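# Summary of structural features
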Amino acid sequence: MTSRIAVVTGAGSGIGRAAALALLGAGWHVVLAGRREALLAEVAQAAASLPGAGRVLAVPTDVSDPQSVQQLFARAVEAFGRVDLLFNNAGVGNPPGSFLDWTTEQWRGVVDVNLNGIFYCLQQAFRVMRDQSPRGGRIINNGSISAHAPRPNSAAYTATKHAVAGLTKTAALDGRAYDVAVGQIDVGNAVTPLASRMAKGVPQANGEIAPEPLIDVDIVGRSVLYMADLPLEANVLFHTVMATKMPFVGRG
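By the naming in an unreviewed UniProt entry, the chain is 3-beta-hydroxycholanate 3-dehydrogenase (NADP(+)), taken from Paracidovorax wautersii. One UniProt comment on the chain, placed under Sequence similarities (unreviewed entry), says "Belongs to the short-chain dehydrogenases/reductases (SDR) family."

Time to look at the sheet that holds strand β6 (residues 180-188). Within the open sheet, the seven strands sit side by side as β3-β2-β1-β4-β5-β6-β9. Their pairing is parallel. Strand pairing shows two members of the sheet lacking a second neighbour, β3 (56-60) and β9 (238-242), which therefore form its edges. Across the sheet, the mean angle from the axis of one strand to that of its neighbour is 15°, orientation sign disregarded. Relative to strand β5 (residues 137-142), strand β4 (residues 85-88) runs parallel, the two being bridged by four bridges. Within β5, the position partnered with Leu86 by the bridge is Ile139. Packing of helix α2 (residues 37-47) onto the sheet brings it into contact with β2 (29-34) and β3, and relative to β3 it is tilted by some 175°. Docked against the sheet, helix α4 (residues 104-131) engages β1 (5-9), β4, β5 and β6, running at close to 175° with respect to β4.

Counting buried residues in β6 gives nine out of nine residues, a clear majority hidden from the surface. Burial along β6 is two-sided: the face carrying Val180, Val182, Gln184, Asp186 and Gly188 and the face carrying Ala181, Gly183, Ile185 and Val187 are both buried. Of the pairings in the sheet, the one linking β5 to β6 comprises six bridges and is parallel in character. By the bridge assignment, Ile140 is partnered in β6 with Gly183. At this point the chain moves from β5, through helix α5 (residues 155-174), to the parallel β6, and the crossover so formed is right-handed. Of the pairings in the sheet, the one linking β6 to β9 comprises five bridges and is parallel in character. Counterpart to Gln184 in the pairing with β9 is Phe238.

Side chains that differ in sign of charge can pair as their charged atoms come close. All told, the structure shown has five salt bridges when counted by the stated rule. Notably, a salt bridge pairs Asp229 with Arg4, separated by 2.8 Å at the nearest N-O pair. Separated by 225 residues along the polypeptide, Asp229 in the loop between α6 (217-228) and β9 and Arg4 in the segment before β1 bring together distant segments of the chain. Of the residues examined, Asp229 reaches a relative accessible area of 37% and is grouped as partly exposed. When the shortest N-O distance is used, the salt bridge between Asp131 and Arg130 registers 2.8 Å.

Rules behind the numbers
Residues numbered from 1 in each chain as written. Predicted model: local features only at pLDDT ≥ 70, side-chain atom pairs only at ≥ 80, totals over all residues. Heavy atoms only, no water. UniProt positions renumbered as here; feature names shortened; annotations may be inferred. Pairing = 2+ DSSP bridges. Helix = DSSP H or I, 4+ residues; strand = E, 2+ residues; numbered from the N terminus. Axes fitted to C-alpha atoms, helices over the stretch in contact; angles between N-to-C directions. Contact = heavy atoms within 4.5 Å. Buried < 20%, exposed > 50% of the residue type's maximum accessible area, 1.4 Å probe, protein only. Right-handed = clockwise from strand over helix to strand, strands pointing away. Salt bridge = Lys/Arg side-chain N within 4 Å of Asp/Glu carboxyl O.

Here's what the structure looks like:
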């Protein structure tokens, strides 16, 4: 095969955008998925200047809607014939304030995107990778270091990310039967719209408000590319990339 086909969800901004551009720069064909069509168009435009960039297809998608996800993968297969990689990245942050004040709709809104959306995309990718020839592919779930340790007032985000880690382990096991390698990238404090507030100061476990260091989001894009480029007989089950001095490892 001379072409490798990737689907990237949440591709319009942040980590998804960085990963899509890294893949395109390495010659992948990339299907850009996200809710905001204008942002997907901006990523496609940025890719036009990359040397050796692969082809781009933008497909507006709501990952919380299983029908929308099914259409995404149908479009990918129709355009490129197969799917070799899913970067299962789309996600939303926590509702504001204490969970004591959240509505049922706010809780479900996070679960629908961060957990159900990850599952819907994983399921469709499995089906395509199982049935295509040559068989198989790779799935990289975006977990976050919140898949391992919480922040204060982060019940919805942390619960969904812990669940993603369980999905990653289960899918990695189930994928063996279909030559599907499943891993997870856990990012700590990359410069994205979701995490940029860290530099201004965020609550710590001891109740203090403190700024935290961040890394360039392109570093995360390179990490996704590294995982994507592995042969299918090798898998990175969990990969953590974070600001070296962020308060994650240790007591806090």
